[in-house]
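Architecture at a glance
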Amino acid sequence: MGGFKLGKMTLGSLFKQPETVLYPLEQKAAPAGRKGTITLLPETCILCGICEKRCPCNAITVQKKERTWAINHFQCVQCGYCVSECPKKSLAMDPGIPHISTKMEPEVVPVPEQVKEEPVEQKDVPAIEPTGDAEMDAKLAKLPYDKAVKLRAAFMAKQNKKTQ
């Protein structure tokens, strides 16, 4: 009976993809459910410190004065709690395989200053013609000018189709 199982396995392997890959040239995809390492998107980080407070193993350090965010990957247990608690979704779990580190030092990421966009003055923006529908006009008033123009054009085209 064992010979049949061995024969089935041998014949089956002739028609399947190989289980191994040429490692330096190819890499297997990360298995489902692999947590990986914590990465930061510094453009969106506001240095609120919630991730530091929620980390159960104190692997994250936030320094507001120096505008740096640091994580000690050797202390991190990859629970993902900091990722779920970040209000700006600046943290993510990278399922890839991390590079080998030769030093037990935390990874320090400088966080750039947030640039606030100047609001567009209403004087410079031309008024949008009313559509005749009070609800649609209220929506258009809340949108930026370029989006409001596109939405109004689409609405008017839809209204024209209904009347024809």
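These numbers were taken from a predicted model, which means no experiment stands behind them.

1. Some thoughts on the nonpolar core
Formed by 18 residues in total, the largest nonpolar core has its most connected members in I38, W69 and L91. Counting residues per element, the ones that place at least two in this core are strand 1 (37–40), strand 2 (60–63), strand 3 (68–71) and helix 3 (81–85). In this structure I38 touches W69, I71, H73, C76, C82, V83, L91, A92 and M93, once residues within four positions along its chain are discounted.

2. Overview of unusual backbone geometry
For R67, which is not glycine, the phi dihedral falls at a positive 55°. Relative to the elements of secondary structure, R67 occurs in the loop between strand 2 and strand 3. Phi at Q78 takes a positive value of approximately 60°, unusual for a residue other than glycine. Checked against the element boundaries, Q78 lands in the loop between strand 3 and helix 3.

3. A few points about the side chain of T37
Of note, T37 is situated in strand 1. Accessibility expressed as a relative area gives 14% for T37, which makes it buried. Once residues lying within four places of it in the same chain are set aside, the contact partners of T37 are H73, Q78, A92, M93, D94 and P98.

4. Some points on the environment of A59
Position of A59 relative to the elements: it lies in the loop between helix 2 (50–54) and strand 2. Judged by relative accessible area, A59 falls into the buried class, the value being 3%. When the C-alpha positions of A59 and A70 are compared, they lie 8.2 Å apart, and in sequence the two are 11 residues distant. Ignoring anything within four residues of it in the chain, the contact list for A59 reads A70, I71, N72, Q75 and C76.

5. As for empty space enclosed by the protein
As enumerated under the stated definition, the model contains 2 cavities of 30 Å³ or more in all. Volume-wise, the largest cavity comes out at about 100 Å³. Around the largest cavity, the lining is made up of 17 residues, and of these C45, C48, C51, C86 and P87 lie nearest the centre. At the level of elements, helix 2 and helix 3 are the ones that each hand at least two residues to the lining of the largest cavity. Here the residues of the lining of the largest cavity sort into 13 nonpolar, 2 polar and 2 charged. In this structure, the second largest cavity is lined by I38, C55, P56, C57, C76, V77, Q78, C79, G80, Y81 and C82. Looking at the lining of the second largest cavity residue by residue, the classes come out as 9 nonpolar, 2 polar and no charged.

Analysis parameters
Residues numbered from 1 in each chain as written. Predicted model: local features only at pLDDT ≥ 70, side-chain atom pairs only at ≥ 80, totals over all residues. Heavy atoms only, no water. Core = buried A, V, L, I, M, F, W, Y, C linked by side-chain atoms within 4.5 Å. Buried < 20%, exposed > 50% of the residue type's maximum accessible area, 1.4 Å probe, protein only. Helix = DSSP H or I, 4+ residues; strand = E, 2+ residues; numbered from the N terminus. Contact = heavy atoms within 4.5 Å. 1 Å grid on protein atoms, 1.4 Å probe; cavity = no way out; pocket = protein on both sides within 12 Å on 5 of 7 lines; lining within 4 Å. Points joined across faces, edges and corners; volume = space filled by probe spheres on them. Nonpolar A, V, L, I, M, F, W, Y, C, P; charged D, E, K, R; others polar.

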